[in-house]
Amino acid sequence: EYIRSSYYNKLEYTRFSSSVGKFVGFTEYGVRNAEYWNNDASFLSAMKAQKEAVCLNHVQIDYTAALTKS
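Residue indices begin from 1 for each chain and proceed along its sequence in written order. It should be noted that, the model being predicted, local features are given only for residues of pLDDT at least 70 and side-chain atom pairs only at 80 or more, the latter also being counted only at that level, while totals for whole chains, interfaces and linings use all residues. Calculation of side-chain values draws on the structure's entire complement of heavy atoms; hydrogens and water are dropped beforehand.

Going by an unreviewed UniProt entry, the chain carries the name MHC class II antigen beta chain and comes from Gasterosteus aculeatus.

### Points about the UniProt feature "domain: MHC class II beta chain N-terminal" (unreviewed entry) in the chain
UniProt positions are given in the numbering used here, feature names are shortened, and annotations may be inferred rather than shown by experiment. When the UniProt feature table is mapped to this numbering, "domain: MHC class II beta chain N-terminal" (unreviewed entry) covers residues 1–63. Under the scheme used here, helices are H or I runs from DSSP no shorter than 4 residues and strands are E runs no shorter than 2 residues, and both carry numbers assigned from the N terminus. With 56% helix and 27% strand, the stretch residues 1–63 has end C-alpha atoms that lie 14 Å from each other.

### Overview of the nonpolar core
Core analysis: the biggest nonpolar cluster contains 7 residues, these being Y2, F16, F23, A34, W37, L44 and M47. Listed by contribution, the elements that provide at least two residues to this core are α1 (28–39) and α2 (41–69). Working rule for contacts: check all heavy atoms of both residues, and any pair within 4.5 Å makes them a contact. Setting aside its immediate chain neighbours within four residues, F16 contacts Y2, I3, R4, G21, K22, F23, L44, M47 and K48. Think of a nonpolar core as a cluster: buried Ala, Val, Leu, Ile, Met, Phe, Trp, Tyr and Cys residues, connected wherever their side-chain atoms sit within 4.5 Å. Relative accessible area decides the class of each residue, using a 1.4 Å probe on protein chains only: under 20% of the type maximum gives buried, over 50% gives exposed, and in between gives partly exposed.

### Structural notes on the pairing of strand β3 (residues 22–25)
Regular strands place side chains that alternate from one sheet face to the opposite one. DSSP-based pairing: two strands are paired if at least 2 bridges between them are found. Bridge count for strand β2 (residues 11–17) against β3 is 4 bridges, and the pairing is antiparallel. Looking at β3, one finds that F16 is bridged to F23. Between β2 and the antiparallel strand that follows it, β3, lie 4 residues; G21 among them carries a positive phi value of about 85 degrees.

See the structure below:
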């Protein structure tokens, strides 16, 4: 799962989760940003593509590293 969170003053105001497939806002400002980003199809598809670019290419490396350290 790919999660991208945005924080301000240690308070999470918005989050993108690949399992949900869209942005979710937690504050008034975050809700407005989430609505704007969810309506931008190109930005939303780019965030969905990050799962393949980041997670799927590195999962085996991270899994192997975790096993060798335990």
